[in-house]
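# Analysis of the macromolecular model
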Amino acid sequence: MIYRSKAPLRLGLGGGGSDVSPYSDLYGGAVLNATIDKYAYCTIEETNTGSIVFHASDLNLKKRYPSALNLPVDGTLDLHKGVYNRIVRNFRITKPLSFKLTTFCDAPPGSGLGSSSTMVVAILKAFTEWLNLPLGDYDMAYLAYQIERIDLGFNGGKQDQYAATFGGFNFIEFYKDDRIIVNPLRMKRWIVDELEVSMVLYYTGASRTSDRIIREQQKNTRMGRKVQIEATHRIKENSYVMKNYLLKGDILNFAKALDREWENKKKMATSITNTNIEKIYKAAMKAGAYGGKVSGAGGGGFMFFTVDPVKKTDLIKVLNRFSGSILNFHFSESGCQGWKIN
């Protein structure tokens with residue numbers, strides 16, 4: 001039997017950064033995001049070889065280990081090993097498993113689309129299919145968060161795991177003690193279509209690690225730095241405004257709020273933007289974009305812009321003058337999915 005899964009990547013529309021501890025613990029956070037039809041995939045094949053094989057085919061990485069109840073977290077394919085180690089521990093597996101696990105993702109690491117967290121969710125879902133694990137959506141998202149942030153110690157927020165698990169448009173609230181509420185938005189189809197035709201997703205050509213940016217944000221909060229904390233307050237408040245505009249189908253005011261989001265986001269940490277990002281942003285605005293921002297922590301990866309659909313081609317022509325590339329996409333309604341085949 002073969003077990004497969006996929007989990008959708010997300011666009012962070014508003015409130016990103018307010019989901020990062022310790023800010024979310026002290027002040028509460030609120031994030032607006034939406035998943036797209038780009039995915040992280042996982043396949044598990046049960047074997048009888050007495051070994052565990054991890055293969056990240058898109059990264060050209062492959063590692064084989066003797067079957068064991070704990071695998072070394074040593075910097076190579078740690079997301080894969082972290083999921084396995086936690087499953088063994090949480091579900092009291094007493095006999096080492098023998099299997100081959102293969103993954104690939106539609107976006108590179110450091111894309112700003114939540115690819116690392118989405119991959120953890122996809123791997124978890126494949127194991128859930130194989131081992132019939134009793135994991136609901138909230139359980140799976142929280143376990144993915146614990147694996148990535150606590151077990152592996154990777155810095156980041158809390159929104160990505162929940163977006164990948166639940167899918168669709170969500171307004172997610174974060175409170176102390178890891179209390180998280182996912183509010184799925186009941187979007188009218190014409191609003192989704194209008195937003196989709198009004199957006200351009202652009203890959204800057206430079207992936208980046210979000211760790212340094214997140215650590216700076218966390219330090220700013222712990223140090224009580226007023227400018228950065230107030231910028232995060234405004235971003236959180238803006239996410240409520242953006243949600244309301246989106247539900248009404250007011251794409252123009254949504255786009256203007258997106259522009260305010262970007263201006264405040266840049267105040268949260270010094271490395272969120274750079275010369276290349278600013279050049280791209282200014283060129284896009286000059287070409288008619290209403291607003292835009294970097295998706296995720298910043299520093300590189302993907303940017304997205306909103307524009308009058310009749311001017312979309314003009315915006316794309318301007319963006320194509322830079323060294324990045326346009327990624328066509330559609331919004332996805334479904335969260336992570338798993339299935340099995342003979």
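### With respect to the packing of helix 3 (residues 115–131) against helix 4 (residues 137–151)
- One can describe the packing of helix 3 onto helix 4 by two numbers: an axis separation of 9 Å at closest approach and a directional angle of 120°. In terms of orientation, helix 3 and helix 4 fall into the oblique class. Of the two possible hands of crossing, helix 3 and helix 4 adopt the one that is right-handed. In this structure, helix 3 contributes Ser116, Ser117, Val120, Val121, Leu124, Lys125 and Thr128 to the contact, and helix 4 contributes Met140, Leu143, Ala144, Ile147, Glu148 and Arg149.
- Classifying every residue of the contact of helix 3 with helix 4 gives seven nonpolar, three polar and three charged.

### Observations regarding the sheet that holds strand 8 (residues 199–203)
- Spatially, 9-10-8-11 is the arrangement adopted by the four strands of the open sheet, whose pairing is antiparallel. Only two strands of the sheet have a single neighbouring strand rather than two, namely strand 9 (291–294) and strand 11 (325–326).
- Judged from the four bridges that link them, strand 9 and strand 10 (residues 302–306) form a sheet pairing that is antiparallel. Of the residues in strand 10, the one forming a bridge with Gly292 is Phe305.

### Considering the side chain of Asn33
- Looking at the secondary structure, you find Asn33 in strand 2 (residues 29–46).
- A polar contact is formed between the side chain of Asn33 and the side chain of Gln159, at a distance of 2.9 Å.
- Discounting residues that sit within four places of it in the chain, Asn33 has contacts with Arg10, Leu11, Gly12, Leu13, Gln159, Ala163, Gly168, Phe169, Asn170 and Ile172.

### Focus: the side chain of Gln161
- Its location among the elements puts Gln161 in helix 5 (residues 159–166).
- Classification of Gln161 as buried rests on a relative accessible area of 0%.
- Side chain to side chain, Gln161 and Ser117 meet in a polar contact 3.3 Å long.
- For Gln161, the side chain forms a polar contact with the side chain of Glu148, separated by 3.0 Å.
- If sequence neighbours within four positions are ignored, Gln161 has contacts with Ser117, Val121, Ala141, Ala144, Tyr145, Glu148 and Arg149.

### Looking at the state of the cysteines
- Under the defined criterion, the tally for this structure stands at zero disulfides.
- Cys336 provides the cysteine sulfur closest to Cys42, a residue in no disulfide bond, and the two sulfurs are 12 Å apart.
- Exposure remark for Cys336: the relative accessible area of 8% places this residue in the buried category.

### Some words on the layout of surface pockets
- In this model, the largest pocket occupies a volume close to 970 Å³.
- Lining the largest pocket are 48 residues, with Gly110, Ser115, Ser116, Glu148 and Ser210 positioned closest to its centre.
- Counting residues per element, the ones that place at least two in the lining of the largest pocket are strand 1 (2–14), helix 2 (78–90), strand 5 (99–105), helix 3, helix 4, helix 5 and helix 7 (211–222).
- Looking at the lining of the largest pocket, the element that brings in the most residues is helix 3, giving four residues.
- By residue class, the composition of the lining of the largest pocket is 15 nonpolar, 22 polar and 11 charged.
- Taken as a whole, the second largest pocket holds about 190 Å³ of empty space.
- Surrounding the second largest pocket, 13 residues form its lining, Gly168, Phe169, Met187, Val192 and Glu333 being those nearest its centre.
- Looking at the lining of the second largest pocket, the elements with two or more residues in it are strand 6 (169–175) and helix 6 (189–197).
- Looking at the lining of the second largest pocket, its residues break down into six nonpolar, four polar and three charged.

### Looking at the packing of aromatic side chains
- By the definition in use, this model includes 21 aromatic pairs.
- Ring geometry for Phe54 and Phe99: centres 6.0 Å apart, planes at 65°, overall edge-to-face. Here the residue Phe54 occupies a position in strand 3 (residues 51–56), and Phe99 occupies one in strand 5, the gap between them amounting to 45 residues.
- Owing to a relative accessible area of 0%, Phe54 belongs among the buried residues under this scheme.
- Among the aromatic residues, those joined into a cluster by ring pairs are Tyr3, Phe54, Tyr65, Tyr84, Phe99, Phe127 and Trp130.
- A cation over an aromatic ring shows up here: Lys6 above the ring of Tyr39, its NZ or CZ 4.2 Å from the ring centre.
- Lying across the ring of Phe171, Lys243 places its NZ or CZ 4.6 Å from the centre.

### Some words on empty space enclosed by the protein
- As enumerated under the stated definition, the model contains one cavity of 30 Å³ or more in all.
- Roughly 100 Å³ of internal volume is contained in the largest cavity.
- Gly17, Val20, Ser21, Tyr23, Gln217, Gln218, Asn220, Thr221, Gln228, Ile229, Thr232 and Met268 together form the lining of the largest cavity.
- Going through the elements one at a time, helix 7 and helix 8 (226–248) are the ones with two or more residues in the lining of the largest cavity.
- Of the residues in the lining of the largest cavity, the class split is four nonpolar, eight polar and no charged.

What counts and how
- Counting from 1, residues in each chain are numbered in the order their sequence is written.
- With the structure being a predicted model, the display of local features is reserved for residues of pLDDT at least 70 and the display and counting of side-chain atom pairs for 80 or more, all residues being used for whole-chain, interface and lining totals.
- Side-chain calculation: all heavy atoms of the structure are included, whereas hydrogens and water are not.
- Fitting a line to C-alpha atoms yields each axis, with helices limited to the stretch in contact; the angle taken between N-to-C directions then spans 0 to 180 degrees.
- To qualify as a helix, a DSSP run of H or I must reach at least 4 residues; to qualify as a strand, a run of E must reach at least 2; elements of each kind are numbered from the N terminus.
- Roughly parallel covers angles under 35 degrees, roughly antiparallel covers those over 145, roughly perpendicular covers 65 to 115, and oblique covers all other angles.
- In this scheme the crossing of two helices becomes right-handed for a clockwise turn of the near helix relative to the far one and left-handed for an anticlockwise turn of less than a right angle.
- The contact criterion used is simple: two residues touch if any of their non-hydrogen atoms lie within 4.5 Å.
- Ten residues, namely Ala, Val, Leu, Ile, Met, Phe, Trp, Tyr, Cys and Pro, are considered nonpolar, four, namely Asp, Glu, Lys and Arg, are considered charged, and the remaining ones, Gly among them, are considered polar.
- At least two DSSP bridges between two strands are needed for those strands to be called paired.
- Polar contacts, as used here, are pairs of N or O atoms within 3.5 Å; protein pairs need one atom able to donate a hydrogen and one able to accept it. Residues neighboring in sequence count only if both atoms are side-chain atoms.
- Classification of residues uses two cut-offs on accessible area relative to the type maximum, computed with a 1.4 Å probe and protein chains only: under 20% is buried, over 50% is exposed, and between them is partly exposed.
- Disulfides are defined as pairs of cysteine sulfur atoms found within 2.5 Å of each other.
- Detection works on a 1 Å grid of protein atoms alone, calling trapped sets that fit a 1.4 Å probe cavities and calling open sets with protein on both sides within 12 Å along at least five of seven lines pockets, with lining residues defined by an atom within 4 Å of a point.
- Grid points are joined across faces, edges and corners, and a volume is the space filled by probe spheres set on the points.
- Two rings belonging to Phe, Tyr or Trp (six-membered ring only in the last case) form a pair when the distance between their centres is within 6.5 Å. Interplanar angles under 30 degrees mark stacking, angles over 60 mark edge-to-face geometry, and anything in between is tilted.
- We call a charge positioned above a ring when the Lys NZ or Arg CZ atom is no farther than 6 Å from the ring centre and deviates by at most 35 degrees from the ring normal.

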